[in-house]
Each structure stands twice: as structure tokens, then as C-alpha cells.
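Overview (structure and organization)
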Amino acid sequence: MNASAVANGCEIGGMEREYMRRHHRHEVAENQCSSALVKHIRAPVPLVIPSSRRARCGTPVFRGSVDVGWGVKSVRARVSMQMFASVWSLVRRFDQPQKYKPFVSRCVVRGNLEIGSLREVDVKSGLPATTSTERLELLDDDEHILSIRIVGGDHRLRNYSSIISLHPEIIEGRPGTLVIESYVVDVPEGNTKDETCYFVEALIKCNLKSLADVSERLAVQDRTEPIDMM
Ligand code: A8S
């Protein structure tokens with residue numbers, strides 16, 4: 001990827017570089033800018049792999065392959081358990097970006113959620129835009145990767161495309177998540193590459209900070225409530 005990588009002041013290590021090489025490839029044209037941001041979150045990627053089953057109480061439950069939280073998916077058993085709040089459970093909701101994105105006021109998806117689905121996102125006042133139309137490009141529940149492309153809206157981010165990937169890591173002895181988000185976008189006429197990167201990175205940093213706050217709060221709640229195994 002022809003991109004600089006920003007890590008909130010942290011060095012980007014070999015692991016991050018390898019994940020970027022594998023999952024964050026963008027074609028970057030001459031009139032475009034691209035970069036990647038990294039965030040470490042003190043909450044697990046997922047504890048279980050989602051299925052559509054629902055418990056009596058309305059809490060999502062799962063039957064099938066269990067990810068024990070350190071990227072180990074060897075525990076295959078017919079179990080049902082309450083879904084643990086996790087970073088992936090927030091990121092994968094293409095239909096509900098407002099769960100963690102602080103600038104989103106409303107989001108509507110028409111039809112089924114599938115690759116190619118479009119979401120109409122309304123953003124809060126005070127920003128240089130009011131709406132954005134975004135297409136789901138990739139949703140990988142095994143590798144924990146979501147990719148979207150912006151296809152419309154009254155803003156200046158033309159041909160914006162982003163990839164967010166989650167990777168399990170241990171932070172101070174507990175399951176944590178390394179988040180990498182990369183993007184490519186056209187540099188609007190009248191702006192420089194640096195200005196465009198600065199603007200987009202500021203928005204992504206806010207999203208990642210909020211993703212960390214929400215998932216860390218949920219992870220603390222999970223630790224205080226027992227697993228509901230059946
Ligand atoms: C995202 C990333 C970005 C969102 C941008 C960069 C946007 O929603 C906002 C302001 C704009 O000017 C453009 O993953 C747009 O949310 C907050 C409306 C697209």
C-alpha cells in the first residue's frame with residue numbers, strides 16, 4: 001500500500017505491517033491519498049462467532065464454532081452461549097454505525113444486509129456534510145474485516161474506500177484488540193494531499209477512540225456478568 005501509517009504516536013511494528021500487507025491493499029491513483037491508523041483496545045475481538053439464533057430473552061445466542069478470545073478457534077462444540085460484547089460485534093453492524101461512530105445521527109439500510117447493500121447515513125450538524133451513501137464491499141466474520149465504499153452524499157470525499165480489520169492481542173494479560181483502519185480517497189480540487197489526509201484521519205481517530213470507549217465499557221460489564229452456557 002502506498003500509504004503512510006499513523007499509530008497515535010506509537011511505532012508501527014512488524015505484526016501491524018504484516019496485517020496491513022495482507023488485508024489493507026489499496027490501489028492509489030496519482031490524485032488520491034491513502035493512509036492507515038492503528039488503535040489498541042482493551043476488549044476482545046469476539047468471544048463467539050455470530051449466528052442468527054436468538055435466546056428467549058432476546059439476547060443473541062450462538063451454536064457452533066467458538067473463538068476463545070485469543071484467536072484460537074479450535075473449540076468446536078454444539079454450545080449456545082450469550083453473545084459477549086466485543087469489538088467485532090460493534091464493527092460488523094454495517095446497518096448501525098451510530099453504535100460507535102460519534103458523527104452519525106441516523107442510518108437506514110434498505111433490503112437485506114449483504115455485499116452490495118447500501119446505507120444512507122445522516123451526519124450530525126456542524127460537519128461539512130449532511131448525508132453519505134455507503135456500499136458494503138466486504139464483511140468477513142472469520143477474519144474480522146469490514147470494507148465499505150462511499151458512493152454518494154453531499155460531501156467532498158469522492159471515491160472513498162476503507163478497510164477495517166481486527167486482530168486479537170493480549171494487553172496486560174487480558175484479551176485485547178488491535179484495530180487497523182485504512183482508506184483511499186480522491187484529493188478534492190483546491191486541496192492538497194496533506195490537507196485531505198489530515199481531515200480524514202481526524203474523523204477516523206474520533207471513530208476509533210469512540211470504538212475503544214464503547215467496547216471497553218461493554219467488556220467491563222461482561223466481566224462482571226457470568227457466561228450463560230446451556
Ligand atoms: C467513516 C469515515 C469517514 C466519514 C466521513 C471519513 C463523513 O461521514 C463525515 C464527514 C464528512 O465530511 C464526510 O468511516 C462523511 O465514518 C463524518 C459524511 C462521509
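Read on for an overview of the structure.

Thresholds, definitions, all that
Residues numbered from 1 in each chain as written. Predicted model: local features only at pLDDT ≥ 70, side-chain atom pairs only at ≥ 80, totals over all residues. Heavy atoms only, no water. Helix = DSSP H or I, 4+ residues; strand = E, 2+ residues; numbered from the N terminus. Buried < 20%, exposed > 50% of the residue type's maximum accessible area, 1.4 Å probe, protein only. Areas by Shrake-Rupley, 256 points an atom, 1.4 Å probe, with all protein chains shown as cover. Salt bridge = Lys/Arg side-chain N within 4 Å of Asp/Glu carboxyl O. Near = heavy atom within 4 Å. Polar contact = N/O pair within 3.5 Å; in protein donor to acceptor, adjacent residues only side chain to side chain. Contact = heavy atoms within 4.5 Å. Core = buried A, V, L, I, M, F, W, Y, C linked by side-chain atoms within 4.5 Å. Phe/Tyr/Trp six-rings, centres within 6.5 Å; stacked < 30°, edge-to-face > 60°. Pairing = 2+ DSSP bridges. Disulfide = S-S within 2.5 Å.

1. What about the overall build of the chain?
Helix and strand counts for the chain come out as three helices and ten strands. For the chain, the succession of helices and strands along the chain, N to C, is β-α-β-β-β-α-β-β-β-β-β-β-α. Looking at the chain as a whole, 45% of its 230 residues are labelled buried. Counting every atom, the chain has about 12,300 Å² of accessible surface; 50% of that belongs to carbon and sulfur.

2. Here we look at the pattern of salt bridges
By the definition in use, this model includes ten salt bridges. Between Asp122 and Arg106 there is a salt bridge whose closest N-O contact spans 3.2 Å. Of the two residues, Asp122 sits in strand β6 (residues 118-123) while Arg106 sits in strand β5 (residues 104-109), which places them 16 residues apart along the sequence. For Asp122, a relative accessible area of 22% translates into the label partly exposed.

3. Description of the site of the ligand
In the region of the ligand, 13 residues are neighbours, and Lys101, Val123, Ile150, Phe199 and Asn207 sit closest. Within the side chain of Lys101, one N or O atom sits 2.7 Å away from an oxygen atom of the ligand. A distance of 3.3 Å separates an oxygen atom of the ligand from a polar side-chain atom of Asn207. Against a free-state accessible area of 460 Å², the protein chains account for coverage of 96% of the ligand.

4. Some thoughts on unusual backbone geometry
Its identity as a non-glycine residue notwithstanding, His144 has a phi of 60°, on the positive side. Assignment of secondary structure puts His144 in the loop between β7 (131-140) and β8 (145-153). We note that Glu172 has phi near 50°; this positive angle belongs to a residue other than glycine. Within the element layout of this structure, Glu172 appears in the loop between β9 (161-171) and β10 (174-186).

5. Focus on the side chain of Ser165
Its location among the elements puts Ser165 in strand β9. A polar atom in the side chain of Ser165 sits 2.7 Å from the side chain of His24. Ignoring sequence-local partners within four residues, the contact set of Ser165 consists of His24, His144, Ile145, Leu178, Val179 and Ile180.

6. Some thoughts on the nonpolar core
If you look at the biggest cluster of nonpolar residues, it comprises 31 residues, and the most contacted ones within it are Val87, Val91, Tyr160, Val179, Tyr183 and Leu211. Elements with a contribution of two residues or more to this core: β2 (32-41), α2 (87-91), β8, β9, β10 and α3 (193-223). No other element matches the eight residues that α3 contributes to this core. Not counting residues up to four positions away in its chain, the partners in contact with Tyr183 are His26, Cys33, Ser34, Ser35, Tyr160, Ser161, Ser162, Cys197, Val200, Glu201 and Ile204. Core analysis: the second largest hydrophobic core is formed by seven residues, Ile12, Val38, Leu178 and Ile180 among them.

7. With respect to the packing of aromatic side chains
Under the defined criterion, the tally for this structure stands at one aromatic pair. With centroids separated by 5.9 Å and ring planes inclined at 10°, the aromatic side chains of Tyr160 and Tyr183 adopt a geometry described as stacked. Placement of the pair is Tyr160 in the loop between β8 and β9 and Tyr183 in strand β10, with a sequence separation of 23 residues. Summarising the burial analysis for this pair, Tyr160 and Tyr183 share the class buried.

8. What about the pairing of β9?
When you tally the buried positions in β9, you get nine out of eleven residues, the bulk of the element. The sheet contact formed by β8 and β9 spans five bridges and is antiparallel. Residue Arg149 lies in a different strand from β9, and its bridge partner there is Ser161. Two strands pair when backbone bridges link them, and β9 and β10 are joined in this way by eleven bridges, in the antiparallel orientation. Each bridged residue has a counterpart across the sheet, and for Ile171 the counterpart in β10 is Arg174.

9. Some thoughts on the state of the cysteines
On inspection of all chains with the given rule, the structure shows zero disulfides. The thiol of Cys33 is not disulfide-bonded; the next cysteine sulfur, from Cys197, is found 3.6 Å away. Judged by relative accessible area, which is 3%, Cys33 ranks as buried.

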